[in-house]
Amino acid sequence: MHARLKRAAALSVFAVLSACAERGVVEPAAPSFASPRLDAVSGVPPFVVISQVYGAGGNVSAVFNSDFVELYNAGPSTVSLDELSVQYASANGNFASNANQIVPLSGSIASGQYFLVAMSAGTNGAALPAADATGSIPMAAGSGKVALVKQFAALGCNGSPTACTTEQRLRIVDLVGYGIVNFSEGTGSAPMLSAILAAFRRDGGRQDTNDNSADFTAAAPAPRNRASTTLPPVAALVVTIAPSAPTTTIGAPVVFTVTASKSGTPVTVTTASWSSAIMATATINPVSGVAQALAAGTTTISVDVTTAEGTGSAATLLTVSAPPTGGSVPAVRFSEIHYDNFGNDQDEKIEVEGPAAMDLTGWSVVLYNGNGGVAYSTMLLAGVTRTACTQSARSVVVVSYPANGIQNGSPDGMALVDASGTVIEFLSYEGSFAAVDGPAVGLSSTDIGVAENSSPVGQSLQRSADGTSWSGPATATFGGCNSEPFTPPPGTGSINVSTRSTPLPVGFQTQLFLSGIGTDNQGNPVTNTDVRWSSSNASIVSVDATSGVVTARAMGQATLTATATSDNVTTGSTVITTNVGQLAAAARVGFNTALGEPTDADPSDDVRIARRQYSLSYNASRGTPNWVSWNLDASHRGSAPRCNCFTADTALTRLGLRAFDTNEWINGGVWSRGHVSPSADWNVADGDNAATFFLSNMIPQNQTANGGAWGDLENSLRSIAVGSTQIYIVSGPIYTRNRAGAGLDGFGFMNSLGRIAVPDSMWKVAIVVPDGRPVTDIRNAADVQVIAANMPNEATATGSWNRFSTTIDAIQQSTGYDLFALITESVQCRLEVRNCLPEPTMVSTSGSNTMARGTPFVVRSSASDADGSAGGPWTFRIDWGDGTTFNAFLTTLPTASRPNTRSKIYSAPGQYTVRLTITDKNGGQGVQTLVVTVTP
Amino acid sequence: MMRSIFRSHGSAVVAATLAAVLSASPIAAQVTLSSAQTTSVEFGAFTGAFSALAQRFTAPADNTLLQSYQFYLSYSFGGSGLQFRSGVAEFSGGTFGPVLFSRSHSGSDNITEFDTYAVNSVNLRLSAGTTYAFVFWGLGARNDDGLSNLLGASSESFGSGGLFASNTGDSNGSPSGPFFALDDQSAPASLALSATFGSATVVPEPTSLVLVAIGCAGLLIIARRRRT
């Protein structure tokens, strides 16, 4: 990694390092983490490095007939390559200055495995082994730059003079500059390469000191792929102290233990030697690791270990505080628990008691597994305690868990944590233990002394009114204070939660709702605004406690529970299963803008997001896309279920923009979350379909229109996307200026919140290529068909889409975007039904644009205009770049066989930009430029 | 007899001679019809438009004798092979009348500058305040796409003039028209032309020549008598 990259990364890993301060890592051969901050931001796989580079493939005397880049996973686990790309830059050029310098990657690479990316091929040399990915980058044989980048879009920078921004640097996972280049990691670049030399990362790809000159050597190319023999990464010996950074009170001993592992495999500790830095604060037995707290303060506890895999050390802090005053029973405390029944556990709950109407926002109940001391569940409390006690100014809150949500021991425990993160109580049942993580880390639990052992349904363990003792099992009194007789609730409430039949792809969201209006145990109605949501496992599926928006975090299953806030007792739940969405091979990055990316005169409001399924420009001030571009063919269609996973676009978040979630899009009115690139256009694989549900691909759309003429247009396009037909589609909203009055464009903002703007019309244009020919082969208007429509975002947009047919040019005029710019102008103007622009050509007759001062510079100009004579007369203007011009009014355009020839003699040396501008009678202009260098 | 005549009328002869010389002296005025050449207009591509161009102007009130004019020409394509004529024609009632004067030219092959074409010894007397036009038209086959030049033009108009064009050139000594006004906003406003007008011809009238001859003879006789 480049030195400055390294410094930037260091900032972001600070928190990680701090958290890991109690861990010691020995044996520095462990590969460095190429871009840890990037990982924190966007999930960059760590440890994947560029291990070999060869740029002379196919050249004379080449060993292999193709350039290649080889990757190596130096990490301990399999890494997904999705969203990564290999990008190339010339010795002094910007990365991926043109589109064919990017190779998007997909799939995964196992620990110790190589991954071969074949590049541009030639005629000389042997064939490469089977490539794991193929690109077309023509790499330079001797000097160049290769980067592994966390995005598919072009990086577009280099070391100098177009220095990469911090954001761009954070996207670089690994960088190799070879030969004489302007950008590399560390103090210098990798060696100059040749037809017989490739750059090898030393130690089989495992050495990564972030210095290309030190990490790489040149040798005969020997490409390795995923089928090649793997090379186990060099693992570090990790020494871990438990508990980590504990807090204790004077007189309370702390028992420290130490473990060691390598590559995740435990290693037996042969000897351990403990010490305390400040003996006045705490002493520690050097052999047993039992610390005695003597005085308030903090000391560092260290341990040196020996193992069969080498030696190591670790350290952690021990904080000693004075015993709490005012007794050991906190004002807010656990008051009741039920965790075990005979057979299946039912109605598991924990009750917390505190002062009446106390605001518990930010408080939480954290459950701990006594076997290892690890926290396994966190349930956030919210709102005020319900006034439940008639004979005292106290009240209770009941936290409900799904079946088997509370472990049965022995032992297991629970921590009550206040809004500042301070542990108020750490209790356990069926024994005691020390917590090794979470808020109670380092604390030893207090055993409540009673337990449930297959109790009958309806029983619980209860705390005495003064909080000093526990009893039970006995009839549960959840919702009532233990200091007074319990009055059972008048009835049994019921809340039903919507279910999801298909797995939720990891990284995507959905929103949970109640199925109808429920009732709590007091018979009060319960609606969506009357519940608090929680997850049984937030590391798999997290949920927003208020909105019910859930996010799939990892593969697995979690139970999502809605608890009525009116009694904090009545619950309903549903189970959500997650998976990893699969992507089809048909989804190709960049193909969806093959006819040209829309551009307008003001790029400042265009936030570009490129996905395999579509590309879009997002307008942050409107919360909607400016346009979405995608291609549609038969290979995109399949049977994957509709994802219904409307998701805040994490790409926006990574760019520092606010990404609205599905809750912010729902208002219950006429505006639906209207796909711009439709879900049904991408149902070949569930991952592709899910991608269409990013809310950056949505506009607030009139529900009638969405299912009316707009839907008719979408269906019509899909009906012709058969055989080899390729359809390139661009679509977006129109916000007519001041349409809503008061300076508001379109129909103003949804719910007048100033977040998501509602367009007053929506447009779609499609170029249908029946034989799927590439854009370079579209030479006549008859080669393709055009569909263009612009319809109101109102309930009047019903029936056939043909009612709203228009021209591409009309849409261009309305939006300001130039569409399909890569189609040759002579065809493009016909398709767009507009004036065809002159297409000038200007060449130097000498073939060189460099001449000595005083020497005539002669250019030969010609032009065409697809409008023919109807386009003329034309004005012909040459701006010589030195303040002088030549102007003519032409009745016929010069042609290649009958060019206009002009000459210019520059009086001063320098560089001049010669600009030929031909303007037709309708004002359409074509421009051609030449840069002339005049030497002294 | 003759001698007595000259002697007795010596002073009168001198006066007549002076009067004749004075009456034969040209009184010329340089009149620029348009500003300097800043743009140009294609001319002479016979199968295209503008086989002929005409720049309208109004004859001065005092100096009605057109003595010379000049225009500017540069390469478009085909170079010097272009054959064309320039001249002056009547323009009345929105139509062009007969060509009053014309001269043949060859095209320019100058690809760097505009060549100045000077047409001297025109000596065409015009009617004061009457509208005429300088006319340029190509000669040769009208399907000759290989020949075209650029007439120097200006973005500024002058006087009551206007720039007219014709798509039908002519090879018989005069453009056949019809001409139409170039009202395209991107078209030059006028051709870049300058012309010299005078109040009298530099060629003396026959009666003046007789008076001069008589006067000179009288002076010669007087001189000989004085020597003898």
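Bear in mind the structure is a predicted one, so any value in this text is a computation, not a measurement.

## Regarding the overall build of chain B
Move 1: Broken down by element type, chain B carries three helices and 14 strands.
Move 2: Taken across its 228 residues, chain B has 40% of its residues classed as buried.
Move 3: Look at the contacts in chain B between residues 6 or more apart in sequence, and 85% of them connect residues 24 or more apart.

## Notes on the nonpolar core
Move 1: Counting 89 residues, the largest nonpolar core has A:Val541, A:Leu560, A:Ala709, A:Val765, A:Ile767 and A:Met791 as its most contacted members.
Move 2: For A:Ala709, the residues in contact, after removing those within four places along its chain, are A:Met791, A:Ala797, A:Thr798, A:Gly799, A:Ser800, A:Trp801, A:Arg803 and A:Phe804.
Move 3: Core analysis: the next-biggest nonpolar cluster, separate from the first, contains 63 residues, A:Leu916, B:Val41, B:Leu53 and B:Leu150 among them.

## With respect to helix α12 (residues 825–832) of chain A
It helps to recall that an α-helix has 3.6 residues per turn; residues three or four apart then point in one direction.
Residues and elements named next belong to chain A.
Move 1: Residues of α12 that are buried include every one of Val827, Gln828, Cys829, Leu831 and Glu832, and no others.
Move 2: Elements in contact with the buried residues of α12: β50 (761–769), β51 (785–792) and α11 (808–815).
Move 3: Immediately downstream of α12, the backbone of valine 833 shows phi near 55 degrees, a positive value.

## Notes on the interface of chain A and chain B
Move 1: Contacts between the two partners involve 20 residues from chain A and, on the opposite side, 21 residues from chain B.
Move 2: Contributing elements (two or more residues each) for the side of chain A that touches chain B: β56 (885–890) and β57 (900–904) of chain A.
Move 3: For the side of chain A that touches chain B, a count of residues per class yields nine nonpolar, eight polar and three charged.

## Describing the environment of B:Leu150
Move 1: Position of B:Leu150 among the secondary structure elements: in strand β10 (residues 148–154).
Move 2: Its 29 C-beta neighbours within 10 Å are what place B:Leu150 among the buried residues.
Move 3: In the structure, B:Leu150 is positioned 110 residues away from B:Ser40 in sequence and 5.7 Å away in space, judged by C-alpha atoms.
Move 4: The contacts of B:Leu150, once residues within four sequence positions are left out, are A:Ala888, B:Ser40, B:Val41, B:Glu42, B:Phe43, B:Leu73, B:Ser74 and B:Ser76.

## Thoughts on the sheet that holds strand β36 (residues 509–511) of chain A
The strands making up a sheet associate through hydrogen bonds between their backbones, and the pairing can be parallel or antiparallel.
Residue and element names in this part refer to chain A.
Move 1: In space, the three strands of this open sheet follow the order β36-β41-β40, with antiparallel pairing throughout. Two strands lie at the open edges of the sheet, namely β36 and β40 (541–543), each paired on one side alone. Geometrically, the sheet is characterised by an average inter-axis angle of 25 degrees between neighbouring strands, direction not taken into account.
Move 2: As paired strands, β36 and strand β41 (residues 549–552) are joined by three bridges and run antiparallel to one another. Looking at the pairing, threonine 510 lines up with valine 550 of β41.

## Some details on the pairing of β57(A)
All names here are of chain A.
Move 1: Burial of β57 is one-sided: the residues Asn900, Arg902 and Lys904 facing one way are buried, the residues Thr901 and Ser903 facing the other way are not.
Move 2: Looking at chain direction, strand β54 (residues 857–864) and β57 are connected through five bridges and run antiparallel. When the sheet's bridge partners are listed, valine 858 is paired in β57 with serine 903.

Calculation notes
- Residues numbered from 1 in each chain as written.
- Chains lettered and ligands numbered in written order.
- Predicted model: local features only at pLDDT ≥ 70, side-chain atom pairs only at ≥ 80, totals over all residues.
- Helix = DSSP H or I, 4+ residues; strand = E, 2+ residues; numbered from the N terminus.
- Buried ≥ 20, exposed ≤ 12 C-beta atoms within 10 Å, placed from the backbone.
- Contact = placed C-beta atoms within 7 Å.
- Core = buried A, V, L, I, M, F, W, Y, C linked by C-beta atoms within 7 Å.
- Nonpolar A, V, L, I, M, F, W, Y, C, P; charged D, E, K, R; others polar.
- Pairing = 2+ DSSP bridges.
- Axes fitted to C-alpha atoms, helices over the stretch in contact; angles between N-to-C directions.

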